[in-house]
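What follows is each chain in one-letter form.
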Amino acid sequence: MSRLLKPKGGAVLLDGAAVHRLPAKELARTLGLLPQSPIAPEGITVADLVGRGRHPHQRLFARWSRQDDEAVAAALEATNSVDLADRPVDELSGGQRQRVWIAMALAQQTDLLLLDEPTTFLDVNHQIEVLDLLVDLNQQRGTTIVMVLHDLNMAARYADHLVAIADGRLHAVGTPAEVLTAESVRAVFGLDCRVIADPLSGKPLMLPIGRHRMLADNR
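Residues numbered from 1 in each chain as written. Predicted model: local features only at pLDDT ≥ 70, side-chain atom pairs only at ≥ 80, totals over all residues. Heavy atoms only, no water.

J.: Describe unusual backbone geometry, with residues and values.
T.: A positive phi angle is found at Asp-15, which is not glycine, with a value near 55 degrees. Its location among the elements puts Asp-15 in the loop between strand S1 (13–14) and strand S2 (17–18). Given a relative accessible area of 72%, Asp-15 falls into the exposed group. Positioned with a positive phi, Glu-117 is a non-glycine residue whose angle comes to about 55 degrees. Assignment of secondary structure puts Glu-117 in the loop between strand S4 (112–116) and helix H5 (124–141). (Helix = DSSP H or I, 4+ residues; strand = E, 2+ residues; numbered from the N terminus. Buried < 20%, exposed > 50% of the residue type's maximum accessible area, 1.4 Å probe, protein only.)

Right, dumping it as structure tokens:
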């Protein structure tokens, strides 16, 4: 769907149109993509990078608008990056850079957002902030969020629909309760575990069983 790969057969459709035939700018007004390891131009500031998310909405020879300013400001605020606006991106920490890239994707204001490991490099507090933000986008704006997460418990807590892939093949698809099971974790990751109900969300919670697990003292 992101057009990074061409299908060997058939077609990938978005709103009934083949994505590989759509003009790039037209597709970018509907679909936003944040790859796992994006590269920023050398010396670019945070505000300028986030502003590039507005490119698909700008017409030839059109001036930067108040709407563009508002979109960039909202994206910086939502990702807690306002204080970074004037700093060069290449001077930021890994976690700060990740928040800025997410801000650029938000500034694009698309109906569909594809994210490859958006919580990479983030500490647990910022992970929760980002995932909460994505849920807000989904619930308040109707944005469809598709993302890759390797933290199974975060995926189960935040996602409505999970897809598990093993050896390049679809292993399971469905609700978190249907997909995050001890059997699926063993089949996909080769890991023994127990799955219980998360006491906060009620969603499945995976507890890994390692070789050096500590046993409860029942004496």
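After that view, the rundown keeps rolling.
J.: Run through the pairing of strand S7 (residues 169–174), naming residues and quoting values.
T.: By the bridge criterion, five bridges tie strand S6 (residues 162–166) to S7 in an arrangement that is antiparallel. When the bridges of S7 are listed, Ile-165 appears paired with Leu-170. Counted along the chain from S6 to the antiparallel partner S7, the turn is two residues long, and its residue Asp-167 has a positive phi close to 55 degrees. (Pairing = 2+ DSSP bridges.)

J.: Describe a nonpolar patch on the surface, listing the residues and the values that go with them.
T.: Taken together, the side chains of Val-163, Ile-165, Leu-170 and Val-173 define a hydrophobic patch exposed on the protein surface, amounting to about 390 Å² of accessible area. Mapped by element, the contributors of at least two residues to the nonpolar patch are S6 and S7. Residue class for Val-173 comes out partly exposed when judged on its relative accessible area of 47%. (Patch = residues over 30% accessible without salt bridge, like charges linked within 9 Å, V, L, I, M, F, W, Y side chains within 5 Å. Areas by Shrake-Rupley, 256 points an atom, 1.4 Å probe, with all protein chains shown as cover. Salt bridge = Lys/Arg side-chain N within 4 Å of Asp/Glu carboxyl O.)

J.: Help me get a handle on the nonpolar core, residues and values and all.
T.: Core analysis: the largest hydrophobic core is formed by 37 residues, its most contacted members being Val-46, Leu-49, Val-50, Val-100, Leu-106 and Leu-134. Counting residues per element, this core draws most heavily on helix H4 (residues 94–107), which supplies eight residues. For Val-46, the contacting residues outside a window of four places in its chain are Leu-76, Leu-84, Ala-85, Arg-87, Val-89, Leu-92 and Val-100. (Core = buried A, V, L, I, M, F, W, Y, C linked by side-chain atoms within 4.5 Å. Contact = heavy atoms within 4.5 Å.)

J.: Account for the pattern of salt bridges, with residues named and values stated.
T.: All chains considered together, the criterion is met by three salt bridges. The partner of Asp-192 in a salt bridge is Arg-186, with the nearest N and O atoms 2.9 Å apart. We classify Arg-186 as partly exposed; its relative accessible area is 40%.

J.: I'd like a description of helix H3 (residues 66–78), backed by residues and values.
T.: An α-helical segment advances 3.6 residues per turn. Residues three or four places apart therefore align on the same side. Across its 13 residues, H3 extends 18 Å between first and last C-alpha, which sits within 8% of the 18 Å expected from 1.5 Å per residue. The complete set of buried residues in H3 reads Asp-68, Ala-71, Val-72, Ala-75 and Leu-76. Seen end-on, H3 carries its buried residues on one side only, within an arc spanning 130 degrees. The exposed set on the far side of H3, more than 90 degrees from its buried face, consists of Arg-66, Gln-67 and Glu-77. (Expected span 1.5 Å × (residues − 1). Arc of directions from axis to C-beta.)

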